[in-house]
Amino acid sequence: MKKSYSWTKPNIPKLIGRKKVDLSTFEYAIHIPRDFIVDFVQANDGFHLERGNRIEIVLMHDGILYKAFLHNVNQQKNEGDVLQIRYDNSEELKQVLRERLNRSYSYIQEQKAIKEDSARIKIPNEIAEYVDFYDTGKPFEYRIELITAGNKEALTTTGFHQEK
């Protein structure tokens, strides 16, 4: 199984990658590690987004389409690509993530109230929640599935992830 930081890629058909949620998930973006950029390039029919560019994408969840951006951030301190799925302006998507992944969101809010450095908040594995990204066959359109703390069996079963 492929792993990099908070991302994994179990052997599930059409899965691009699984992201363990963190603070940025609920606020503005999901960072894609370099090891997973190739998976997104493949899902986008081989299109590689150049540094400093962004392109509008669609995230589908429960039949609802949310607009977001795939952004290759031009960071001078990094030699390689820094890819993000950004949804800063999608209050609807952020609200869905906060409501559906409530265990993680609540934990983060509790920790922010007592820690000075909220960037260092790590969600314990026993209450961790995830966002799965699936290839839809259309470039720049991904289906997302949310794996809640109460649905951990979804982490190992492929039936949960079949096309609807």
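Treat the numbers as computed from the prediction; the structure is a model and nothing was measured.

Visitor: How would you sum up helix α2 (residues 34-43)? Please name residues and give values.
Guide: Because the α-helix completes a turn every 3.6 residues, residues three or four places apart line up on one side. Within α2, burial applies to F36, I37, D39, F40, V41 and A43. Positive phi shows up at D45, right after α2, with a value of about 55°.

Visitor: Which residues make up the side chain of D132, and what values do they have?
Guide: Within the element layout of this structure, D132 appears in strand β8 (residues 130-135). Judged by its relative accessible area of 0%, D132 is buried. Only 2.7 Å separates the side chain of D132 from the side chain of R18, close enough to count as a polar contact.

Visitor: Account for the sheet that holds strand β9 (residues 141-147), with residues named and values stated.
Guide: Strand order in the open sheet formed by 9 strands is β1-β2-β3-β8-β9-β5-β6-β7-β4, with mixed pairing between adjacent strands. At either margin of the open sheet sits one strand with a lone partner, and together these are β1 (2-4) and β4 (29-32). Here the average twist between neighbouring strands, direction ignored, is 25°. Pairing analysis gives 3 bridges linking strand β5 (residues 54-61) to β9, with the strands arranged parallel. Bridge assignment links L59 to a residue of β9, and that residue is Y142. With respect to the sheet, α2 is in contact with β1, β2 (7-9), β3 (15-20), β4, β7 (83-86), β8 and β9, its orientation differing from that of β1 by roughly 125°. Seen against the sheet, helix α3 (residues 91-100) touches β5, β6 (64-72), β8 and β9 and runs at an angle of roughly 25° to β9.

Visitor: Requested: an account of empty space enclosed by the protein, with residues and values cited.
Guide: Sizing a probe to match a water molecule and rolling it over the atoms shows the empty space that remains. This model, assessed by the stated rule, comprises 1 cavity of 30 Å³ or more. What the largest cavity holds in volume is close to 60 Å³. Every residue lining the largest cavity is listed: I37, F40, V41, N44, F47, H48, L49, L70, N72, D81 and L83. Contributing elements (two or more residues each) for the lining of the largest cavity: α2 and β6. Among the elements that make up the lining of the largest cavity, the one with the highest residue count is α2 (3 residues). Split by residue class, the lining of the largest cavity holds 7 nonpolar, 3 polar and 1 charged.

Criteria and cut-off values
- The residue count restarts for each chain, going from 1 along the sequence in the order it is written.
- Since the coordinates come from a predicted model, pLDDT governs what is reported: local features require at least 70, and pairs of side-chain atoms require 80 or more to be given and counted, while whole-chain, interface and lining totals use all residues.
- Excluded from the side-chain calculations are hydrogens and water; all other atoms, namely the structure's heavy atoms, are used.
- Each residue is assigned to one of three classes by its accessible area relative to the maximum for its type, calculated with a 1.4 Å probe on protein chains only: buried under 20%, partly exposed between the two thresholds, exposed over 50%.
- Only runs of H or I of at least four residues qualify as helices and only runs of E of at least two qualify as strands under DSSP, and these elements are numbered from the N terminus.
- A 3.5 Å cut-off defines polar contacts: any pair of N or O atoms within that distance qualifies, except that in protein one atom must be a possible hydrogen donor and the other a possible acceptor, and neighbouring residues in sequence count only when both atoms are side-chain atoms.
- Should DSSP find at least two bridges between two strands, the strands are regarded as paired.
- To get an axis, a line is fitted to the C-alpha atoms, and for a helix only the part in contact is used. The angle between two axes follows their N-to-C directions and goes from 0 to 180 degrees.
- Contacts: residue pairs with any heavy atoms within 4.5 Å of one another.
- In this analysis a 1.4 Å probe is tested at points of a 1 Å grid over the protein atoms alone, and where it fits but cannot get out there is a cavity; an open set with protein on both sides within 12 Å along at least five of seven lines is a pocket; lining residues have an atom within 4 Å of a point.
- Grid points are joined across faces, edges and corners, and a volume is the space filled by probe spheres set on the points.
- Put simply, Ala, Val, Leu, Ile, Met, Phe, Trp, Tyr, Cys and Pro go in the nonpolar bin, Asp, Glu, Lys and Arg in the charged bin, and everything else, Gly too, in the polar bin.

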